[in-house]
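Results of the structural survey
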Amino acid sequence: MAKNTVAVIGTGQTKFKTHYADKTYVELAQDAAKLAMDDAGVTPDELDAIVFSMAPTQFMGVNDCDRWATSHVWGTGKPFMRIHAGGATGGSALQAAYVHVASGVHRTVLVVGADRVAETPDAQHVLNLIWDRFYEHDFALNTVTMTALAAQRYMSRYGTTEEQFAQVVVRARKNAMGNPYAHLKGEITVDDVMNSPRVAYPYKRFDICPRSSGAAAVVLSNLDVAKEKCARPAFVNGVSAITHSVFMGDRMGVFSETEFSDHDGEHIAAYEAYRQAGITDPTSQIQVAELYDPFSTFQFPSIESLGFCGRGRAAAISDEGGWDLDGQVAIGPSGGTLCTNPIGVTGLVRVVDAANQVMGKAGQNQLPNVHNAVATAVGGSTQFFAVTMLGDDHATRGRVQ
Amino acid sequence: MSTAIDDNVIHGEWHVRYNYSVGKVAGQFFDGLKQKRILASHCAASGIAYLPPRAYCERAFEPCDGWVEAGHQGVIEAATIVTAQFEHLPPPPYAIAYVRLDNVSTALVNFVRGMELSDVPAAAARLKPGTKVKVVFKDTPEGRITDFHYELA
């Protein structure tokens, strides 16, 4: 299946915080669109299509708000689509735009979105409403409780402790200090995490991401446009997404083909993306991983799914600093999703942060010699997994054989 | 009158009502609950017994062609103890578990009741995967998933 090379030629993100009192939802999305277009050096006339990244709209409170945003993100008169895959939305939106360009249908595509998760105080109520009314809705499932269930199972399988998860939070908040866009940041200790109020075992409050508002955007183009516009693009060398049944109970126990607590859909998606990108030894070839990790317990199964170590090994390597900025793979140099979670664009922020590392414009958080970076997104009942490989070279990559 | 930007919000609420059609498969499951029976749909081709019940076996790509009755005992596959109040959700503390009941291939979520939950790590230790639990029905089931809960066996 021959296809066109696809490159990130511009990125944009706003600061993320709880509330934006001085802007509406669509004005936030517009800010990110403008930032990414300016970064890429493209005008609205040069955009062939828009992909809008937005998850449930009940948080920001305007039903199907993509309609509201079309003209604000310079979408009128062009093909426009919204992508929604829960928390995986931003990763899936990027991949939809990738297909637009890789197929040769479009040359230059803008991916953009915004979210305002704290516009309602009822966020976890909204998240409970994603379960069916027949079998699962009545049992207080939401993103906190469903992932707490997975974490308890993971701990039982591998002996991971609450303190080991707490260390993930400490590292994330510290990394976020170098990211001017991050929502939560600062020097905290394992004790701070352990002493924060219990929410749902094993979670304390600090194990859980904030509800963030903000926007992000990416301009993707084919190779001809990239050569004209961008001296150092980030090539999209591999994309893959895997979906599981909504029923978490299908994914545990002796009859299951997948393992709920391992995020093994992410493993399948990662290795398909690696195959496309020519990655055969992820730990030596990938320098940066921007993970969709809204809870402290997400990093270890994700790191293992990405092949950076064996199952059940990530916590011990974390204890030794192996996932620090100077470790074997830098995990979440931006501070990641634990520090910033504007759900409808979080997966896109992961791509922005990973692409910026490859493009050499990650600012204070820039790491040396980044040739390959991976960005993930996870959504639904830990059900949608999207993995995107970004690289500084496309010579032997970006072609599905 | 001037209003600080920070104070200038417009309040809104959504009030939307629904009537969800149950359908045949869930209908049969709910009828079973009225008789204190938990019915799992079964696929002869794959041998899988599903809870929640399905019309179609996703593994064998065949219709589920029978029903098996789940045992009233099972094992925990995953559990958590909730100690924070979420909007419109039950008052804490409460325990939730996915349990694989006897004769069934998949796990079904419900509350675990009748436990002391004040010491959360200690309670979590009592709910480890592999722990045996039993099903406890209401005295007068109504044909709803909330007709039963789990308790430690």
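Residues numbered from 1 in each chain as written. Chains lettered and ligands numbered in written order. Predicted model: local features only at pLDDT ≥ 70, side-chain atom pairs only at ≥ 80, totals over all residues. Heavy atoms only, no water.

Per the secondary structure count, chain B includes 2 helices and 10 strands. Computed over C-alpha atoms, the radius of gyration of chain B comes to 20 Å, more than 25% over the 15 Å expected from 2.2 N^0.38 for 153 residues, which places it beyond the range of a compact globule. By principal-axis analysis of the C-alpha atoms, chain B measures approximately 75 × 40 × 35 Å. Per-residue burial for chain B yields a buried fraction of 45% across its 153 residues. For chain B, the accessible area works out to roughly 8,400 Å², and carbon and sulfur atoms hold 49% of it. Positive and negative side-chain charges of chain B, numbering 15 and 17 respectively, have mean locations separated by a distance of 8 Å. (Helix = DSSP H or I, 4+ residues; strand = E, 2+ residues; numbered from the N terminus. Rg over C-alpha atoms; globule rule 2.2 N^0.38 Å. Buried < 20%, exposed > 50% of the residue type's maximum accessible area, 1.4 Å probe, protein only. Areas by Shrake-Rupley, 256 points an atom, 1.4 Å probe, with all protein chains shown as cover. Lys, Arg positive; Asp, Glu negative; His and termini not counted. Charge placed at Lys NZ, Arg CZ, Asp CG, Glu CD.)

Once that is clear, we can look at the overall build of chain A. Along its length, chain A carries 14 helices and 12 strands. Whereas a compact globule of 401 residues would reach a radius of gyration of roughly 21 Å, chain A reaches 19 Å, a difference of no more than 12%. With the C-alpha coordinates aligned to their principal axes, the bounding extent of chain A is approximately 55 × 45 × 45 Å. Taking all 401 residues of chain A together, 66% fall into the buried category. Taking as baseline every contact in chain A between residues at least 6 positions apart, the subset at least 24 positions apart corresponds to 78%. Of the roughly 13,100 Å² of accessible surface on chain A, a fraction of 50% belongs to carbon and sulfur atoms. (Contact = heavy atoms within 4.5 Å.)

Phe308 of chain A together with Ile38 of chain B are the most contacted members of the largest nonpolar core, which totals 116 residues. In terms of residue count, the dominant contributor to this core is helix α5 (residues 143–158) of chain A (8 residues). Leaving out residues up to four positions away in the same chain, Ile38 of chain B has contacts with Phe29, Leu33, Leu51, Val68, Glu69, Ala70, His72, Leu101, Val135, Phe137 and Phe148 of chain B. Core analysis: the next-biggest nonpolar cluster, separate from the first, contains 68 residues, Val6, Leu47, Val288 and Val345 of chain A among them. (Core = buried A, V, L, I, M, F, W, Y, C linked by side-chain atoms within 4.5 Å.)

Glancing now at a nonpolar patch on the surface. A contiguous nonpolar surface patch, about 470 Å² in accessible area, is contributed by Trp14, Val16, Tyr18 and Tyr20 of chain B. Mapped onto the elements of the fold, Val16 of chain B is located in the segment before α1 (23–34). (Patch = residues over 30% accessible without salt bridge, like charges linked within 9 Å, V, L, I, M, F, W, Y side chains within 5 Å. Salt bridge = Lys/Arg side-chain N within 4 Å of Asp/Glu carboxyl O.)

Take the interface of chain A and chain B next. Each partner contributes residues to the interface: chain A has 44 residues there, and chain B has 49 residues. Here chain A packs against chain B, burying approximately 4,000 Å² in sum over the two surfaces, 66% of which is carbon and sulfur. Inspection of the region where chain A meets chain B yields 3 salt bridges. Linking Asp250 of chain A and Arg54 of chain B is a salt bridge whose minimum nitrogen-to-oxygen distance equals 2.8 Å. Taken together, the connections running from chain A to chain B amount to 14 residue pairs in polar contact (both at pLDDT 80 or more). Counting residues per element, the ones that place at least two in the side of chain A that touches chain B are α4 (123–128), α5 and β5 (198–200) of chain A. Broken down by element, the side of chain A that touches chain B gets its largest block of residues, 7 residues, from α5 of chain A. Its residues placed into classes, the side of chain A that touches chain B shows 20 nonpolar, 14 polar and 10 charged. (Buried area = accessible area lost by both parts, 1.4 Å probe. Polar contact = N/O pair within 3.5 Å; in protein donor to acceptor, adjacent residues only side chain to side chain. Nonpolar A, V, L, I, M, F, W, Y, C, P; charged D, E, K, R; others polar.)

Here we come to the packing of aromatic side chains. Under the defined criterion, the tally for this structure stands at 17 aromatic pairs over all chains. Put simply, the rings of Phe134 and Tyr135 of chain A together with Phe29 and Phe30 of chain B touch in pairs and so form one group of aromatic residues. Cation over ring: Lys17 of chain A sits above Tyr20 of chain A, and NZ or CZ is 4.3 Å from the ring centre. The ring centre of Phe206 of chain A lies 4.9 Å from the NZ or CZ of Arg173 of chain A, which sits over that ring. (Phe/Tyr/Trp six-rings, centres within 6.5 Å; stacked < 30°, edge-to-face > 60°. Lys NZ or Arg CZ within 6 Å of the ring centre and 35° of its normal.)

Quick look at the sheet that holds strand β5 (residues 66–69) of chain B now. Residue and element names in this part refer to chain B. Taken in spatial order, the 3 strands of this open sheet run β2-β1-β5, and their pairing is antiparallel. Here the strands that pair on one side only, and so sit at the sheet edges, are β2 (49–50) and β5. As judged from the 2 bridges shared by strand β1 (residues 39–42) and β2, these two strands associate in the antiparallel manner. When the bridges of β2 are listed, His42 appears paired with Ala49. (Pairing = 2+ DSSP bridges.)

Okay, the pattern of salt bridges next. Residue and element names in this part refer to chain A. Under the defined criterion, the tally for this structure stands at 28 salt bridges over all chains. A salt bridge links Arg107 to Asp48; its shortest N-O distance comes to 3.0 Å. Here Arg107 is found in the loop between α3 (89–102) and β4 (108–116), whereas its partner Asp48 is found in the loop between α1 (25–40) and β2 (49–53), with 59 residues between them in sequence. Take Asp48: its relative accessible area is 16%, and that puts it in the buried class.

Turning next to the sheet that holds β2 of chain A. All names here are of chain A. Taken together, 10 strands build an open sheet; the order of strands is β3-β2-β4-β7-β1-β8-β12-β11-β9-β10 and the sheet is mixed. Of all strands in the sheet, those bounded by a partner on one side alone are β3 (80–83) and β10 (330–331). Two strands pair when backbone bridges link them, and β2 and β4 are joined in this way by 4 bridges, in the parallel orientation. Of the residues in β4, the one forming a bridge with Val51 is Val111. In the packing of helix α14 (residues 343–359) onto the sheet, contacts are made with β1 (6–13), β2, β4, β7 (213–222), β8 (234–243), β9 (288–290), β11 (372–379) and β12 (384–391), and the angle to β1 comes to roughly 115°. (Axes fitted to C-alpha atoms, helices over the stretch in contact; angles between N-to-C directions.)

A separate point is α3 of chain A. Residue and element names in this part refer to chain A. When the terminal C-alpha atoms of α3 are compared, their 19 Å separation across 14 residues agrees well with the 20 Å that a helix rising 1.5 Å per residue should span. Extensive coverage of α3 is indicated by the burial of 13 of its 14 residues. Trailing α3 by a residue or two, Gly104 shows a phi angle of about 90°, which is positive. (Expected span 1.5 Å × (residues − 1).)

The next point concerns the state of the cysteines. Following the criterion strictly, the structure yields 0 disulfides over all chains and no others. The closest cysteine sulfur to the non-disulfide-bonded Cys43 of chain B is located on Cys57 of chain B, 3.8 Å from its own sulfur. (Disulfide = S-S within 2.5 Å.)

Averaged over chain A, the pLDDT score is 96; the fraction of residues at 70 or greater is 98%. Every residue in residues 397–401 of chain A scores below 50 in pLDDT, and together they form 16 contacts with partners more than four places removed in sequence or on other chains. (pLDDT = per-residue confidence, 0-100.)

Moving on, we come to the environment of Pro90 of chain B. Tracing the sequence through the fold places Pro90 of chain B in the loop between β6 (73–82) and β7 (94–101). Exposure remark for Pro90 of chain B: the relative accessible area of 26% places this residue in the partly exposed category. If we ignore the near neighbours within four places in the chain, the residues touching Pro90 of chain B are Ala140 of chain A together with Gln85 and Phe111 of chain B.

Residue and element names in this part refer to chain A. Of all 9 residues making up β4, 9 are buried, and the element is well covered by its neighbours. Alternating positions in β4 separate into two faces, Thr108, Leu110, Val112, Ala114 and Arg116 on one and Val109, Val111, Gly113 and Asp115 on the other, with burial throughout. When β4 meets β7, the two strands line up antiparallel, connected through 9 bridges. Opposite Asp115, over in β7, you have Gly214 as the bridge partner.

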